[in-house]
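Tertiary structure, described
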Amino acid sequence: MWLNPEEVLLKNALKLWVTEKSNDFFILQRRRGHGDSGGKFTGLLVGALDTVLDSNARVTPFRILLQVPGSQVSWTIACGAAVEDMNRHWDWLVQNLLHSLSVFENKEDVASFVKGKVRGKQAAQEEDPEKFREVLLKFELRFGLPSSEKLVTTYSCCCWKGRVPRHGWLYLSINHMAFYSFLLGKEVKFVIPWVEVTRLEQVSTGLMTDMVRVTTRRRQRDFSMFLSLDEAFGVMGQLADIALRRLLDSGGLELDQVLQQSSNITKRSEGNALRAYVLALFRLPRAECLQEVALCSVWTPHARCHTAGTLYTTDSYLCFASREEGHCSLLIPLSEVSIVSYLIVSVRSKKAFQLIELQDRDSLVDSLMSRLRALQWKHSMFHSKKSLTMEQVKERLWDDHFSAYGRGVHMFRTEKIQKLVAMGIPESLRGELWMTFSDSSSELASHPDYYSGLVTESIGHSSLATEEIERDLHRSLPDHPAFQNVTGIAALRRVLTAYAHRNPKIGYCQSMNILASVLLLYTKEEEAFWLLVAVCERMLPDYFNRRVIGAQVDQSVFEELIQERLPELAEHIPDLSPLSSLSLSWFLTLFLSVLPFRSAVCVVDCFFFHGIKAIFQLGLAVLDANAAALCASADDGQALMILTGFLDHVKYDENPSPPAPHPPSSPRGEEECSTTVELHTLITDLIIDSYEKFGDLTVRQLERLRCRHRIQVLQAHEDITKENALRVVTPDVSLSPENLADVYDLFKTEHFINLYWGDGSTTVALQHHDPGQPYVEQYRVDRAQFKSLYVLLVPWLCGLHTDTVAHRTFTLLDQDRDLLITFRKFAGWLDTLYCEELNEKIRLLYRLHIPPGESHSLPTELNQGPNKRSLSHNKGIINLYCFLQREFIQFCKTLYSMFHGNPDENELFQAIATVTSLVLQIGEVGHRSRSEVSSEGGAGDEVEEDHREGSQEDHPVFSTKEGDGEREEGTRKSSERSESSSEWTVSYAQILASLLTEQQLVNFFEKPLDLSAKVAVAKVKHCRSVKHEGEVL
């Protein structure tokens, strides 16, 4: 098969390969010992060497290398197990490429040309429908998953059990990863849902130089010997990240709408990772889609040379990044572009950018011009006069920079501008440059009346967000004169309220008021609004929501960076959680809440230029500057005081020029000098120090770390949700903690099954999970899901009547009439079935057969465990509602179906027949007596009505204070119905008393029920749908 070209430095190391065919550019090699007559010992020896020396890859017997004359480096471009397949690959290379390569003068062009063709063949090979259908069929047959479970890709690898590897196939689907192996007559297979994965990492153990370790709550699995370990790890990380964000926190995390639908998730998920990297690197809007990626070189006038890098085009931007991240970057909004021609991009400020060595130039130009025409028709363009009316630059360094590198969104962003930002942006230019660095100026120009419209719409609207805004208005920079008057407070109120109206999903979160206050000091009100939009939605995604998931993820990343970059500090402080409690505010407020104001604004300068990378760097620099004192601290409290005191004394440098070297101090003044430095650390020095020591931290590294740590953070939230849900429900039920925990897992899994293989209404299913609700109400099930759980857990199935009883039970439990059942209600229902006494179980069955029009909402006491039991003992057995004959017949039908299949079913059938006959006689006697009383003036109706009202008021399980009105209404309807009906009726008390006369029925309902056994069977049945990790079949 064709491979993604990989470098090979030694074409025949240790003489392990034998050349079969060769020419000037290609070599076909065979693994020594493979196919040799009498070479069994040689084959075994080479196989052992493969295991020891080349354990990262599954070595195949044949391979084809690309060699360039005069170069010591070759590239593996194809491999295979059959010589016939390799000969076909060889013939294709000779017929289609060999003659074309002789025209190239540059050997690098030869390698680039061949690798491009091979990558195309590899892509076509991966998309071979016949081959994929064969793999998909094996996947479905081996694991029994529904056809709606979309397979993404497969890898040949080894799964380790202790020190024993087992070779097989790893299947990666949208919701699961599955492994299958069949060796020496033994079959091993298991499935791990992505939602069970708590950690995903590359590790090295023993002889294995690299392997992928997948950790769940139950165990860990190690996989190795991939053909391309990095590719497999990348795809696994992307699928786990997407699945967790799509399933666990659909409301809290921003996930692309295209990925909300499982049909759009493919092996090419690395494209999603590349898109996320580009959006983070250039701080683009989250809605931008990556269109083209092309290698090219851009003429940089300041360097007087062409700078090689990569051109990224999105819906609304042209972006260029040099090969070395941070060396040179360029951002050009398409709204600024006037024309795109051969190799020139012209912008409206009469500036042009030259692109050379651009691959697929014609198609790229056509695509850009098409999008440019669409933008010109849809949006109003920038006018160059706006740039000319800006405040004159007062600082010579910035003036020189604008002359050499340009001004506005499309200026060249080089290392020089990084140094200028580190020294602090002049106040006259701060607002302009913030708008430029964040590209908020493009948003402002594209939506000229948007902010004023939001302000108008939000006037008079009251919500939780507006109440919180009013509470925090006077806490925003209270010492600053701008917010000590009505004008400043009103502007802040309008900005925060407009944003809450624009994005109700975020609304308002604490720390937004501090950030908006600072923005208003340096920009106009509308500009401050668009800067706030950029920060909340693009530069700090997922920070400002109910659970601040984004901030927690970055805290986890920050802890790993501390362990990696400051190992001595991490060794002395193994538990970094106290530091995280302080550093969380650094990230949420961009140091505005912990640094003096003028120093903190310099940090905001760096943030708008570098993004969140600047906060990571500065945080590491702060810890590094205090590392010695922190290592010597006695406890966590002292460590926090050290950091707080240090940040309080970080001063702003009034002179923006680079600091001069300090003269050597005399021994006498050494102590005084050190004290001065400690008390007056300059923010510019601290920022420059962060660039020098931690400037090699790249956006790509941060995005990879975020992807990995997001899995851990989301799973930690799930654990907390489960613990709190069980803590809330446990006092109300008599189920054992183990059973209750297992029931919660089944309840949650049923929710996921609908997301995995539902009917396509993913959005509706996701609404069942609301992280903002109380813990016991975050996961809810609908009628179909409840019926599935009913069949798994109910102690008495009713045969063909089961679906009807399940439907009635759901209607009874659905108090809110929202067609959803919470875990609290579900657990209370199970507790009644498994832990309550006979009369409570009969009462539940009785309630199930009251017609929906006459039925009241399920009382809260049914879900209040011990309370309902004590009430039942204190009061007698009483009536709620009188059955008509047809309702009593349905009740008996349910009892008959419950007994079917029981070992004592004959005795039970005889007992229920006796009870039925007795109740029918009781009902007939009552009917006759009521008829006689009715003929005498209806006095009996009044007695019966009084009796019913008293019964409903005193009933221990089905009475609620909130339901008094409904109870009276239901009693009235029941009384009217009985009065007008000629049928007989029978009460709950009469039915219960009749049932108690048959010992066989009493034994049936009082027999102890084992929920643990039911849960165990339910898990096995669920595994056939979900295949929980750890099940080896």
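Residues numbered from 1 in each chain as written. Predicted model: local features only at pLDDT ≥ 70, side-chain atom pairs only at ≥ 80, totals over all residues. Heavy atoms only, no water.

As named in an unreviewed UniProt entry, the protein is TBC1 domain family member 8B, taken from Oncorhynchus tshawytscha. The heading Subcellular location (unreviewed entry) in the UniProt record of the protein holds the text "Cytoplasm, Cytosol". (UniProt positions renumbered as here; feature names shortened; annotations may be inferred.)

What follows concerns the overall build of the protein. Helix and strand counts for the protein stand at 42 helices and 26 strands. Counting every position in the protein, which comprises 1033 residues, the buried fraction comes to 52%. A fraction of 69% describes how many contacts in the protein between residues 6 or more apart in sequence connect residues 24 or more apart. A total of about 47,400 Å² of accessible surface is found on the protein, and carbon and sulfur atoms cover 53% of it. (Helix = DSSP H or I, 4+ residues; strand = E, 2+ residues; numbered from the N terminus. Buried < 20%, exposed > 50% of the residue type's maximum accessible area, 1.4 Å probe, protein only. Contact = heavy atoms within 4.5 Å. Areas by Shrake-Rupley, 256 points an atom, 1.4 Å probe, with all protein chains shown as cover.)

For helix H12 (residues 427-438), spanning twelve residues, the distance from its first C-alpha to its last is 17 Å, which sits close to the expected 16 Å at 1.5 Å a residue. Burial analysis of H12 places ten of its twelve residues in the buried class, which makes it a mostly covered element. Those residues of H12 not exposed but buried are Leu429, Arg430, Gly431, Glu432, Leu433, Trp434, Met435, Thr436, Phe437 and Ser438. Following H12 by one or two positions, Asp439 has its phi on the positive side, about 60 degrees. (Expected span 1.5 Å × (residues − 1).)

Attention shifts here to the sheet that holds strand S4 (residues 62-67). With antiparallel pairing, the five strands of this open sheet are ordered in space as S1-S5-S4-S3-S2. Whereas interior strands pair on both sides, the edge strands pair on one side only; in this sheet they are strand S1 (2-8) and strand S2 (17-22). Within the sheet, the average angular offset between the axes of one strand and its neighbour, ignoring direction, is 30 degrees. In terms of strand pairing, strand S3 (residues 26-31) meets S4 through five bridges, oriented antiparallel. Counted as the bridge partner of Arg30 is Phe62 from S4. Against the sheet, helix H2 (residues 83-101) makes contact with S1, S2, S3, S4 and strand S5 (74-80), and its axis sits at roughly 165 degrees relative to S3, the strand it touches most. (Pairing = 2+ DSSP bridges. Axes fitted to C-alpha atoms, helices over the stretch in contact; angles between N-to-C directions.)

Moving on: the pairing of strand S13 (residues 290-300). Inspection of the sheet shows S13 paired to strand S14 (residues 305-314) by ten bridges, in the antiparallel sense. Pairing of Trp299 across the sheet is with His306, part of S14. In sequence, S13 turns back onto S14 through a hairpin of four residues, with Arg304 there showing a positive phi of about 55 degrees. Relative to strand S19 (residues 351-356), S13 runs antiparallel, the two sharing two bridges. When the bridges of S19 are listed, Ser297 appears paired with Ile356.

The next subject is helix H17 (residues 512-522). For H17, a buried count of ten out of eleven residues is recorded, marking the element as mostly surrounded by other parts of the structure. All of the buried residues along H17 are Met512, Asn513, Ile514, Leu515, Ala516, Ser517, Val518, Leu519, Leu520 and Tyr522. Where H17 is buried, its residues contact H12, helix H15 (464-472), helix H16 (486-502), helix H18 (525-539) and helix H22 (597-610).

A few words now on the packing of aromatic side chains. Counted according to the given criterion, the structure contains 42 aromatic pairs. Ring centres of Tyr155 and Phe226 lie 6.1 Å apart, and the angle between their planes is 75 degrees; this geometry places the pair in the edge-to-face category. Linking Tyr155 in strand S6 (residues 151-161) with Phe226 in the loop between strand S12 (220-224) and helix H5 (229-247), this pair joins segments that are 71 residues apart in sequence. Of the two residues, Tyr155 and Phe226, both sit in the buried class. An aromatic cluster of three or more residues is present, and its members are Tyr744, Phe747, Phe786, Tyr790, Phe810, Phe823, Phe826 and Trp829. Sitting over the face of the ring of Phe402, Arg407 holds its NZ or CZ atom 4.4 Å from the ring centroid. When the ring centre of Tyr277 is taken as origin, the NZ or CZ atom of Arg700, which lies over that ring, is 3.9 Å away. (Phe/Tyr/Trp six-rings, centres within 6.5 Å; stacked < 30°, edge-to-face > 60°. Lys NZ or Arg CZ within 6 Å of the ring centre and 35° of its normal.)

The strands that make up a sheet are held in pairs by hydrogen bonds between backbone atoms, and each pair lies either parallel or antiparallel. Strand order in the open sheet formed by eight strands is S17-S18-S19-S13-S14-S15-S16-S20, and the pairing between neighbours is antiparallel. At either end of the open sheet lies a strand with only one pairing partner, and these are strand S17 (337-340) and strand S20 (412-414). Sheet twist, expressed as the mean angle between neighbouring strand axes with direction ignored, is 30 degrees. Across five bridges, strand S15 (residues 317-322) lies against strand S16 (residues 328-333) in antiparallel orientation. Along S16, the bridge assignment pairs Cys319 with Leu331.

The subject of this paragraph is the pattern of salt bridges. Considering all chains together, one arrives at 30 salt bridges under this definition. For Lys693, the salt bridge identified is with Asp624, shortest N-O distance 2.6 Å. Residue Lys693 is located in helix H27 (residues 683-694), and its partner Asp624 is located in helix H23 (residues 612-625); the two are separated by 69 residues in the primary sequence. Taking relative accessible area as the criterion, Asp624 reaches 23% and is therefore assigned partly exposed. Among the ionic contacts, a cluster of salt bridges with common partners joins Glu196, Arg217, Arg218 and Asp719. (Salt bridge = Lys/Arg side-chain N within 4 Å of Asp/Glu carboxyl O.)

This next bit is on the packing of helix H19 (residues 549-565) against helix H21 (residues 577-589). The contact between H19 and H21 brings their axes to 10 Å, and the two run at 125 degrees. As the angle between them shows, H19 and H21 are arranged oblique. Considering how the two elements wind past one another, H19 and H21 form a crossing that is right-handed. Taking contact as the criterion, the partners of Ala551, Asp554, Gln555, Phe558 and Glu559 in H19 are, on H21, Ser577, Ser580, Ser583, Leu584, Trp586, Phe587 and Leu588. In the contact of H19 with H21, the residues fall into six nonpolar, four polar and two charged. (Parallel < 35°, antiparallel > 145°, perpendicular 65-115°, else oblique. Left-handed = near helix turned anticlockwise from the far one by under 90°. Nonpolar A, V, L, I, M, F, W, Y, C, P; charged D, E, K, R; others polar.)

Take the side chain of Asp605 next. One can find Asp605 in helix H22. Residue classification places Asp605 among the buried residues on the basis of a relative accessible area of 0%. Reaching out from Asp605, the side chain makes a polar contact with the side chain of Trp434 at a distance of 2.8 Å. If we skip the residues at most four places from it in the chain, Asp605 touches Val421, Gly424, Ile425, Arg430 and Trp434. (Polar contact = N/O pair within 3.5 Å; in protein donor to acceptor, adjacent residues only side chain to side chain.)

Looking at the protein as a whole, the pLDDT averages 78, with 78% of positions reaching at least 70. Residue range residues 655-678 is modelled with pLDDT below 50. Its contacts to residues more than four positions away, or to other chains, number six contacts. Scored below 50 in pLDDT, residues 938-981 shows 72 contacts in the model against residues more than four places distant or in partner chains. (pLDDT = per-residue confidence, 0-100.)

Following the criterion strictly, the structure yields zero disulfides and no others. Cys328 forms no disulfide, and the closest cysteine sulfur to it belongs to Cys305, at a distance of 9.0 Å. You can call Cys328 buried: its relative accessible area is 2%. (Disulfide = S-S within 2.5 Å.)

This part takes up the environment of Ala178. On the secondary structure map, Ala178 appears in strand S8 (residues 176-183). Residues Ala178 and Pro193, spaced 15 residues apart in sequence, show a C-alpha to C-alpha distance of 8.5 Å.

With that settled, the discussion passes to unusual backbone geometry. Its identity is not glycine, yet Glu357 carries a phi of approximately 55 degrees, on the positive side. With respect to the secondary-structure elements, Glu357 resides in the loop between S19 and helix H8 (361-378). Backbone geometry at Ser511 places phi at a positive 90 degrees, although glycine is not the residue there. Along the chain, the position of Ser511 falls in the loop between H16 and H17.

Packing of helix H31 (residues 783-793) against helix H33 (residues 823-835) leaves a shortest axis separation of 13 Å and a crossing angle of 25 degrees. As far as their axial angle goes, H33 and H31 are roughly parallel. Considering only the axes of H31 and H33, their crossing is right-handed. Facing H31, whose interface residues are Phe786, Leu789, Tyr790 and Leu793, H33 presents Phe826, Trp829, Leu830 and Tyr834. Here the residues of the contact of H31 with H33 sort into eight nonpolar, no polar and no charged.

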